[in-house]
Amino acid sequence: MNVVPLRRRMQPRDPHEAHRVATPLELFFDLVFVVAIASAAAQWHHGLAAGHPGDLVGFVMVFFAIWWAWMNYTWFASSYDCDDVVYRLLTFAIMAGSLMLAGGIPELFGFGQSALVVAGYAVMRLAMVAMWVRAARSHPEGRATALAYAAGIAFVQALWIARLAVNGRTLLMVSFFALIVLELLVPIVAERRGVTPFHPHHIAERYALLTIIVLGEVILASVQAVQGALAEGAESGLLALIVGGLLVVFSMWWLYFKREHASLFEGSIRSTFVTGYGHYLVFASVAATGAALAAAVDVVQADAHTSSRAVGLALTGAVAAYVWCLTVMHAMAGAPVGETRAGVAVGIVVLVVAGLAPPIGVTVLLTGVVLALAVAHHVWVTGRDEEVPASAG
């Protein structure tokens, strides 16, 4: 029987703990958060298909809130997970806040502001403040860092609430990005008071698991779109889109896992922050890829009010951002120059494909083929490099 104490001291976890893996609570946490991610992607899908490219701004905004709350909890859990009743209840509060945020996403896209989104975000952030205060009380050596996190999060959250009084699109945009900068600065300032005892391999696994889950959401959204198309009567181009979509998703998975990411969290603090923050683009581009694939189905079925080129550029733009972000991280991990050049080339090629504006089914198929060729090139190069030392021996 797994006995969970009501309350225990929130001592720091060993950053070198052997066989540290994600807990069932962390996996549950990710699955709940993907509901908000799916809601954001669905709104971008509908905006893209309706010919409202400006909805991309709403997607970027709300995805930041989802990702930032997820990331803050993930790093805290890697350092201080004590798995008592209080810790679990605070985790549930953050999960409930993410669902509140998800409920307000349509309003945010429609009006540029949502009290429910802000309320959900406040629940998540104030629960994190409570966790950092607990850590400060139980871990004297890390108290300065923990209190800096608690104070910084609380201060910025108060500004988010005050932002509800702001009117006008320009002021909303300026204030949003100003507060993003403040959010990003909180960990940078806090960690200068002492680095939290996170587990590099545990963090790498948590990021990898969310990547897999978001890729799964892409498949679900795409399948639902295809089911709707089949119910209406499939149009020409749907088969090419399906094959291309599968190649895109499978290749995105392969490209992410072609290198181990834990080393990026074991190096300098700069490498840690670049990788940790850079994953915003990884997660967001994966979700945006799913939205574009669903919109591509609408184009094929003549249910969209936009062009093949617009949807093609949305798709390939997301794919290029994903590939380039991974290319930068893998270069930091010591990837050969040839691999870096290939990554840059792949992003350029898929954008050129969309720019030529073929039918959307062809765009998706060619994008999938380009990514599959990138995977094949990686497999061939790594296999060749392994054979050379063996032959020399």
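Everything below is about the structure printed above this text.
Along each chain, the written sequence defines residue order, and numbers are assigned to residues from 1. Given that the model is predicted, a residue must reach a pLDDT of at least 70 before its local features are reported, and side-chain atom pairs must reach 80 or more before they are shown or counted; all residues, however, enter totals for whole chains, interfaces and linings. The basis for every side-chain value is the complete set of heavy atoms in the structure, and neither hydrogens nor water enter the calculation.

Draft legend 1. Quick look at a nonpolar patch on the surface. Here, patches come from residues exposed beyond 30% relative accessible area and free of salt bridges, joined within 9 Å for like charges and within 5 Å for nonpolar side chains (Val, Leu, Ile, Met, Phe, Trp, Tyr). Calculation of accessible area relied on Shrake-Rupley with a 1.4 Å probe; when residues are assessed, cover is drawn exclusively from the protein chains displayed. Salt bridge, as used here, is a side-chain nitrogen of Lys or Arg placed within 4 Å of a carboxyl oxygen of Asp or Glu. On the surface, a cluster of nonpolar side chains totalling about 420 Å² of accessible area is made up of Phe155, Val181, Leu182, Leu185 and Val189. Sort the elements by how many residues they give to the nonpolar patch and helix H6 (residues 169-191) lands first, with four residues. Relative to the helices and strands, Phe155 resides in helix H5 (residues 143-162). Owing to a relative accessible area of 52%, Phe155 belongs among the exposed residues under this scheme. Here a strand is any run of E in DSSP of at least two residues, a helix any run of H or I of at least four, and the numbering for each starts at the N terminus. Each residue is placed in one exposure class: buried if its accessible area under a 1.4 Å probe, protein chains only, is under 20% of its type's maximum, exposed if it is over 50%, and partly exposed if it falls in between.

Draft legend 2. Looking closely at the pattern of salt bridges. Overall, the coordinates contain eight salt bridges when judged by the stated rule. We note a salt bridge from Arg88 to Asp83, for which the minimum N-O separation is 2.8 Å. Assessed through its relative accessible area of 27%, Arg88 is described here as partly exposed. Given the relative accessible area of 29%, Asp83 is considered partly exposed. Arg125 is paired through a salt bridge with Glu183; the nearest N and O atoms lie 3.4 Å apart. Placement of Arg125 in helix H4 (residues 115-138) and of Glu183 in helix H6 is noted, with a sequence separation of 58 residues between them. One connected set of salt bridges, linked through shared partners, spans Glu26, Asp30 and Arg206.

Draft legend 3. Spotlight on the environment of Gly290. Looking at the secondary structure, you find Gly290 in helix H10 (residues 269-300). Once the C-alpha coordinates of Gly290 and Leu315 are considered, the two residues, 25 residues apart in sequence, prove to be 8.3 Å apart.

Draft legend 4. Layout of the packing of helix H1 (residues 24-49) against helix H7 (residues 200-232). What counts as an axis is a line fitted to C-alpha atoms, over the stretch in contact for a helix, and the angles between N-to-C directions run from 0 to 180 degrees. Where H1 contacts H7, the two axes come as close as 10 Å, and the packing angle between them is 45°. When the interaxial angle is binned, H1 and H7 end up oblique. Considering only the axes of H1 and H7, their crossing is right-handed. Only His202, Arg206, Leu209, Leu210, Ile213, Val214 and Glu217 of H7 make contact with H1, whose side of the interface consists of Glu26, Leu27, Phe29, Asp30, Leu31, Val34, Ile37, Ala38 and Ala41. Each residue gets one of three labels, nonpolar for Ala, Val, Leu, Ile, Met, Phe, Trp, Tyr, Cys and Pro, charged for Asp, Glu, Lys and Arg, and polar for the others, Gly among them. Looking at side-chain class alone, the contact of H1 with H7 contains 11 nonpolar, one polar and four charged residues. Here roughly perpendicular refers to angles of 65 to 115 degrees, roughly parallel to angles under 35, roughly antiparallel to angles over 145, and oblique to all remaining angles. The hand of a helix crossing depends on one turn: near helix anticlockwise from the far one by less than a right angle means left-handed, and clockwise means right-handed. Here a residue-residue contact requires only that any non-hydrogen atoms of the pair lie within 4.5 Å.

Draft legend 5. Geometry of the packing of aromatic side chains. By convention, a stacked pair of Phe, Tyr or Trp rings (six-membered ring in the case of Trp) has centres within 6.5 Å and planes under 30 degrees apart, an edge-to-face pair has planes over 60 apart, and any other such pair is tilted. Under the criterion given, the structure shown has 30 aromatic pairs. Ring geometry for Phe76 and Trp132: centres 4.7 Å apart, planes at 80°, overall edge-to-face. Of this pair, Phe76 sits in helix H2 (residues 55-80) while Trp132 sits in helix H4; the two residues are 56 residues apart in sequence, bridging distant segments of the chain. We note that Phe76, like Trp132, is buried. Residues Trp253 and Phe257 carry aromatic rings whose centres are separated by 5.5 Å and whose planes lie at 40° to one another, so their mutual orientation is tilted. For Phe257, a relative accessible area of 33% translates into the label partly exposed. In textbook terms, an aromatic cluster arises when at least three aromatic residues are bridged by ring pairs, as seen for Phe59, Phe63, Phe64, Trp67, Trp68, Phe273, Tyr277 and Tyr280.

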